[in-house]
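Read off the chains here:
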Amino acid sequence: MADGSISLSIRIIDPHISVIDIGGSVTRAADATLAAAYAEANGDQTRVIVLNFEKLQYMNSSGIGLLVTLLVRANRKNQQILACGLTEHYRDIFKLTRLDEAIHIHTDETAALAAAATI
Amino acid sequence: MAPAHQAPLVGEIARSLPDAEGVLTTFAGQLIEAADAQGALDALIEAVQTFLPTTGLAILPAPVLVGSANPLTLNALLTPDSDLAQSLVANPYSTHELPEGIGTGYEYFSPLVAVGECFGLVLLEELPEIDARPLLTAMTAWTAATIAALQARHQADAANRILTARADELGIAEIIQRSLLPQGAPRLPDWSITQHYQPARTIGGDLYDFIPLPNGLLALVLGDASDKGVPAALMMATVKPLLRAAAQRLVLPGLVLAEVNEGLCTQIPPGMFVTCFLALLDPVNGRLRYANAGQTAPFVVTEGKVEPLEASGWPLGMLPGRSYDEGEIVLGLGHALVLYSDGLSESSSESGEFFGTDRIKTVLSTLGTSDPVAALEAARRDHDDSGEEQDDDITMVALIHQKPAPSDDMPVDQVASFALPSTEDIGPKAANRVLAAVANLEMTTARRDRLYTAVAEAAMNAAEHGNGFRPDRTVLLNVEANENQLTVTVSDSGIGGPIGDVPDPNLDAKLAGLQSPRGWGLFLIRRLVDKCSYQSSPEGNRVELTVLLGSDHPDRELNPLED
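Parameters and conventions
- Residues numbered from 1 in each chain as written.
- Chains lettered and ligands numbered in written order.
- Predicted model: local features only at pLDDT ≥ 70, side-chain atom pairs only at ≥ 80, totals over all residues.
- Heavy atoms only, no water.
- Core = buried A, V, L, I, M, F, W, Y, C linked by side-chain atoms within 4.5 Å.
- Buried < 20%, exposed > 50% of the residue type's maximum accessible area, 1.4 Å probe, protein only.
- Helix = DSSP H or I, 4+ residues; strand = E, 2+ residues; numbered from the N terminus.
- Contact = heavy atoms within 4.5 Å.
- Salt bridge = Lys/Arg side-chain N within 4 Å of Asp/Glu carboxyl O.
- Axes fitted to C-alpha atoms, helices over the stretch in contact; angles between N-to-C directions.
- Parallel < 35°, antiparallel > 145°, perpendicular 65-115°, else oblique.
- Left-handed = near helix turned anticlockwise from the far one by under 90°.
- Nonpolar A, V, L, I, M, F, W, Y, C, P; charged D, E, K, R; others polar.
- Pairing = 2+ DSSP bridges.

J.: How should the nonpolar core be read in this particular structure?
T.: Residues and elements named next belong to chain B. The biggest cluster of nonpolar side chains holds 73 residues, and the ones touching the most others in it are Leu451, Leu477 and Leu486. In terms of residue count, the dominant contributor to this core is helix α13 (residues 445-466) (10 residues). Residue contacts for Leu486: discarding those within four places in its chain leaves Val438, Leu441, Met443, Leu451, Val479, Glu480, Ala481, Leu545, Thr546, Val547 and Leu549. With 53 residues, the next largest nonpolar core counts Ala219, Val221, Cys276 and Ala293 among its residues.

Quick look at the structure:
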């Protein structure tokens, strides 16, 4: 694990599904960047946003708070947030915070996209 | 006018008068009893008056002593540098021509000369009929010798009185200063405090003190007054209670020095000042907060590295309204703080070479397990080969955070202690340091990951809430381990207030907008380690994280609802 800034990339898979690749560190410093990425990933017809954490290095409690904020925004739009690529540790964190109840976790992007296609 | 005679001989005297021996014995007894020069001269006058009437001769006036006829002129002529005085001293029994105006009307004179000094002249208007000159010459010579001895004794007495008075003053200064110094070093678990104080020939005004403070803190003081002797001792007697009173109330060393400076500026004599280093130690975590009012910078010794502990500030008592920078370090296990007065660095060898700060650093860098104070004093003695008392007080105080003795229960290589600045990226930095410190412990990856997050969260909380992200406040981390458990203690300075008992965050409430999206930190810490406790005091917050080790404690299944 290492400290550093967040790195984000947005992939529009189709009008309904977008993927945000999240790498680096998800901390309070990532607030504006993550919000901007969500806005960019969010189209008129977007129903599912997949957060790909394969390149995540570190996420702290403030980062979890950002995910909650993201989740609130998504709920307002009746969107679903999915997650993939989480290490065992962050799967534990999601479980501990019950984020896994609101953000469905998939082992990899393929599984996440397959699930997204059914929503 | 008759010249002075040759040196008198016993035989000549004995032949001059049948009772010369009795006269001389009486005269000698009076000289011995004379208390001063005038007493000796009175004895001479009495002896001559007793002696000469038997010859039927008169003395007019009685023996005339230097200055009696024309004191100013004679005194001027007989100053030690005068030709006459030097001539008389060189040849007291030779013929001398008296200067014009002095010897007029006298037939006889004899110089009062002894030990190279001329004390005056004895003059007679008429010579006795019998040749009494050898006897008179002998008596003037003995009188002069007596005067010389009396004067020497008076000078010695005066010198002794001065020396005695000086010794009394030094005695007073030493008594004052000794009474100011602590009787011994305080005993603290896991800490060793050693000290050395050596007063100078002239008391130099060093002061050191240990002040127990509320909440288990300890203040260390080392100061030095600008003067010596009684004034310096009195100055330190003024400073000590000021420091003690301020330290009890203010806790922050910079504020303590500022308050003492204000108090001292109204009391200190012009031109005097006091240098002073003040540190506050939290013995539990090794946190040391310090400020310095112009005292020599102490050294911190960490694993062979020796660094001065710099902080700027004016000496106390020079100018009111001064502020004092504060610094903060953590004295980890095995680390030492060494305070010393300039009497050590300026201790000089016979050739005049100072002991010097470079030599102090060298000694401290090669300490090994030695006591810094003992090592420095041994090196100073080697350097100071003069065998003389030093010119200034020498004071040394060492504060050593002792490593626990190696044992099966607590391997020392699994213990670390460090401080980090209160920055936004402190979490991963703290966690990486802790994980590196416990790399040798057998822990599963899950345990390490959980410890990593818990430590990072605790450090972030301390930096943000405890220290307000102030760059001058550090977060302290202590790591201790034995075969059963690993404990990480995270401490802050508590300026953001105490750690509250906050309820667990609730995701549903957060999603409903009833709670802030944030506020997960303490919850995560509590869930990710086996034990978590925290306490708050005016000195700061302390969070203790414990991870149980060994096969008896497999990784727990994390449960968001557990207590």
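J.: Would you mind showing me how to read the pattern of salt bridges here?
T.: Overall, the coordinates contain 17 salt bridges over all chains when judged by the stated rule. Notably, a salt bridge pairs Arg380 of chain B with Glu377 of chain B, separated by 3.1 Å at the nearest N-O pair. One end of the pair, Arg380 of chain B, and the other, Glu377 of chain B, are both in helix α11 (residues 372-383), three residues apart, so they sit about a helical turn from each other. What makes Arg380 of chain B buried here is its relative accessible area of 3%. The structure contains a network of salt bridges with shared partners spanning Arg28 of chain A together with Glu424, Glu464 and Arg518 of chain B.

J.: Help me understand the packing of helix α3 (residues 88-97) of chain A against α13 of chain B, please; the structure alone is not making it clear to me.
T.: Any two packed helices are characterised by the angle at which their axes cross and by the distance between the axes. At a minimum axis separation of 9 Å, α3 of chain A and α13 of chain B run at an interaxial angle of 60°. As summarised for this structure, α3 of chain A and α13 of chain B are arranged oblique, according to the angle between their axes. Crossing of α3 of chain A against α13 of chain B: the hand is right-handed. Contact with α3 of chain A, carried on its side by His89, Asp92 and Ile93 of chain A, involves Asp449, Arg450 and Thr453 of chain B of α13 of chain B and no other residues of that element. For the contact of α3 of chain A with α13 of chain B, the class distribution of residues is one nonpolar, two polar and three charged.

J.: Sorry if this is basic, but what is going on with the sheet that holds strand β2 (residues 17-26) of chain A here?
T.: Pairing between sheet strands relies on hydrogen bonds along the backbone, with the strands arranged either parallel or antiparallel. Residues and elements named next belong to chain A. The mixed open sheet is built from five strands, whose spatial order is β1-β2-β3-β4-β5. At either end of the open sheet lies a strand with only one pairing partner, and these are β1 (6-14) and β5 (104-106). On average, each strand axis in the sheet is tilted by 25° relative to the strand beside it, whichever way the strands run. Bridging between strand β4 (residues 80-84) and β5 involves three bridges; their strand directions are parallel. Looking at the pairing, Cys84 lines up with His106 of β5.

J.: Sorry if this is basic, but what is going on with the environment of Gly294 of chain B here?
T.: Residue and element names in this part refer to chain B. Within the element layout of this structure, Gly294 appears in the loop between β7 (287-293) and β8 (299-302). Taking the relative accessible area as the measure of exposure, Gly294 reaches 39% and is therefore partly exposed. Measuring from C-alpha to C-alpha, the distance between Gly294 and Gly223 comes to 9.2 Å, with 71 residues separating the pair along the chain. Residues in contact with Gly294, not counting those within four places in the same chain, are Thr275, Gly313, Trp314 and Pro315.

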